[in-house]
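Listed below are the residues making up each chain.
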Amino acid sequence: MTSAVLRRWLAGSSILLGAVLVAGVAAAQDDAEAPAGDAPSSSPASDGDDDDAEKPLHPEAAKKDDDDEDQPAPDEKTASASVKVDVALAAPASEPFARFWIGAGGSLDLALTSGARDACLLGGSAKPVHAGSYCTNPGGSDFPARATLAQNGLLVPGQAGALGGGLKLGDVRVFVAADYAITSSILAGVRVGYELNTYPGHAGISGRPDFLRNLHLEARGTYVFGRDALSRVAFAPIAFLGAGVATTDAHARTQVSMLGVRGKTTVDAWQLGGPGLVVVGGGVRYGFSARAAFTAAWKLEVAFGYGSLFAMGPELAFQWGF
């Protein structure tokens, strides 16, 4: 009896052991074929109690597992940083606005004269009775002549020419401009130009070289309002301030009466200012692109030196940047 029971127990044990070995081999093959990092969905030890299998062994361990899942893998961090560095190195350094600007323009002066009666009459020292007022013949020579005071002695007081007060046509200026962009809104540069319609005589600018009568030389600073003003395709307000050397003139046609001469003599009466010059103004700038712009402005001028004169007028210019 005992031997039969023992044989049955050994046979059952052998069968059970074989089944366990087969199951173990199959599980090992499944683990080998599964992707790295995948955990087995179940184990023999968890079959008996599903609630215990789903519950974490310790709260701290569960928190750590959650944190680990939120953090990117070290390889992903390294790859992301490498991509950012590569992009930064590959991005070319570009200038957001042109630093150098050259251009050309012109302006017209409307001078505010104070007015003078007997504008051509000279005093005892051959100086104008009205400081800053001078007369010339239509051809440009001084009137009255300074070689002798004979012509001045023939002028009839009260009828020796008149220059009315108010705005008079002044100088016409054409210039070339060169500016450097200190920032995307601030320009500093020079204006070098030639003046037309200037005083042609010599008495009013004695001691000054003739070539300076037509010279306009100015240092100027310009502020362009707005963000990235020099590189935007848009309108932008501007303001500028300048100082330099230039003549500022205004004249009007008048007539004088002379003793012994029938009728009246036609002359030009001038009021002179300069050679010092201060300019302030404002207007608008339109950028066609980051390399081309047009400006239209209104300027105010104060001329001082051998004569004082206030003037104003429009100014237009076109500039190219590089």
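Residues numbered from 1 in each chain as written. Predicted model: local features only at pLDDT ≥ 70, side-chain atom pairs only at ≥ 80, totals over all residues. Heavy atoms only, no water.

## Here's the deal with the overall build of the chain
Basically, it comes down to this: Under the DSSP-based scheme used, a helix requires at least four consecutive residues in state H or I and a strand at least two consecutive residues in state E, with every element numbered from the N terminus. For every residue, the accessible area (1.4 Å probe, protein chains only) is compared with the maximum for its type, and the residue is labelled buried under 20%, exposed over 50%, or partly exposed between those bounds. Any two residues whose heavy atoms approach within 4.5 Å at even a single point are treated as in contact. Per-residue and other accessible areas were derived by the Shrake-Rupley procedure at a 1.4 Å probe size, with only the shown protein chains allowed to occlude residues.
Counting its secondary structure elements, the chain contains five helices and 14 strands. Looking at the chain residue by residue over its 322 residues, the buried ones come to 33%. Look at the contacts in the chain between residues 6 or more apart in sequence, and 69% of them connect residues 24 or more apart. Summing over all exposed atoms, the chain offers an accessible surface of approximately 18900 Å²; the carbon and sulfur share of this is 64%.

## So, the state of the cysteines
Applied cut-off: Cysteine sulfur atoms that pair up within 2.5 Å are treated as a disulfide.
This structure, assessed with the given rule, holds one disulfide. Across the disulfide from Cys 120 sits Cys 135; the S-S distance is 1.9 Å. Classification of the bridge connecting Cys 120 and Cys 135 rests on its S-S torsion, roughly -85°, and on that basis the disulfide is left-handed. Here Cys 120 is found in the loop between β2 (116-117) and β3 (133-136), whereas its partner Cys 135 is found in strand β3, with 15 residues between them in sequence. Assigned by exposure class, Cys 120 and Cys 135 land together as buried.

## Topic: the pattern of salt bridges
Oppositely charged side chains may form a pair once their charged atoms are brought near each other. Put simply, the test is: What counts as a salt bridge is simple: a side-chain nitrogen of Lys or Arg found within 4 Å of a carboxyl oxygen of Asp or Glu.
In total, this model carries ten salt bridges according to the counting rule given. We note a salt bridge from Asp 109 to Lys 299, for which the minimum N-O separation is 3.5 Å. Within this pair, whereas Asp 109 is found in strand β1 (residues 100-113), its partner Lys 299 is found in strand β13 (residues 292-307), the two being separated by 190 residues in sequence. The buried category is assigned to Asp 109, whose relative accessible area is 0%. Note on Lys 299: relative accessible area 2%, which makes it buried. Between Glu 195 and Arg 173 there is a salt bridge, and its shortest N-O distance comes to 2.9 Å. Of the two residues, Glu 195 is situated in strand β8 (residues 186-196) and Arg 173 in strand β7 (residues 166-181); the sequence distance between them amounts to 22 residues. For Arg 173, a relative accessible area of 2% gives the class buried. Here the residues in one salt-bridge network are Asp 109, Asp 171, Arg 173, Glu 195, Lys 299 and Glu 301, joined through shared partners.

## Structural notes on a nonpolar patch on the surface
Heads up, the condition is: Patch construction takes residues with relative accessible area above 30% that form no salt bridge. Like charges are linked within 9 Å, and nonpolar side chains (Val, Leu, Ile, Met, Phe, Trp, Tyr) are linked within 5 Å.
Judged by side-chain polarity, Leu 112, Leu 167, Leu 241, Val 278, Val 280, Trp 298, Leu 300, Val 302, Phe 304 and Phe 310 come together as a nonpolar surface patch covering roughly 850 Å² of accessible area. Those elements giving two or more residues to the nonpolar patch turn out to be β12 (265-289) and β13. At four residues, β13 tops the list of elements feeding residues into the nonpolar patch. Counting through the fold element by element, Leu 112 comes out in strand β1. For Leu 112, a relative accessible area of 41% corresponds to the partly exposed category.

## Looking at the environment of Ile 205
Residue position: Ile 205 is located in the loop between β8 and β9 (215-224). Accessibility expressed as a relative area gives 6% for Ile 205, which makes it buried. Along the primary structure Ile 205 and Leu 272 are separated by 67 residues, whereas in three dimensions their C-alpha atoms are 9.0 Å apart. In this structure, Ile 205 is in contact with Tyr 199, Arg 213 and Tyr 306, ignoring residues within four places of it in sequence.

## Considerations on the environment of Ala 297
The residue Ala 297 is located in strand β13 in this model. Excluding residues within four positions of it along the chain, Ala 297 makes contact with Phe 240, Gly 282, Gly 283, Gly 313, Pro 314 and Glu 315.

## Points about the layout of surface pockets
Rule in force here: Both cavities and pockets are sets of points on a 1 Å grid over the protein atoms alone; in a cavity a 1.4 Å probe fits but cannot get out, in a pocket the set is open with protein on both sides within 12 Å along at least five of seven lines, and lining residues sit with an atom within 4 Å of a point. Grid points are joined across faces, edges and corners, and a volume is the space filled by probe spheres set on the points. Throughout, the ten residues Ala, Val, Leu, Ile, Met, Phe, Trp, Tyr, Cys and Pro are labelled nonpolar, Asp, Glu, Lys and Arg are labelled charged, and all others, Gly among them, are labelled polar.
Estimates place the volume of the second largest pocket at around 170 Å³. A per-class count over the lining of the second largest pocket returns six nonpolar, three polar and two charged.

## Details of the packing of aromatic side chains
Where we set the bar: Two aromatic rings, drawn from Phe, Tyr or Trp (for Trp, its six-membered ring), form a pair once their centres lie within 6.5 Å of each other, and the interplanar angle then sorts them: stacked below 30 degrees, edge-to-face above 60, tilted otherwise.
Scanning the model with the defined rule gives nine aromatic pairs in all. Seen from their ring centres, Phe 100 and Phe 322 are 5.8 Å apart, and the 20° between their planes marks the pair as stacked. Residue Phe 100 is located in strand β1, and its partner Phe 322 is located in the segment after β14 (309-321); the two are separated by 222 residues in the primary sequence. With a relative accessible area of 42%, Phe 100 lands in the partly exposed category.

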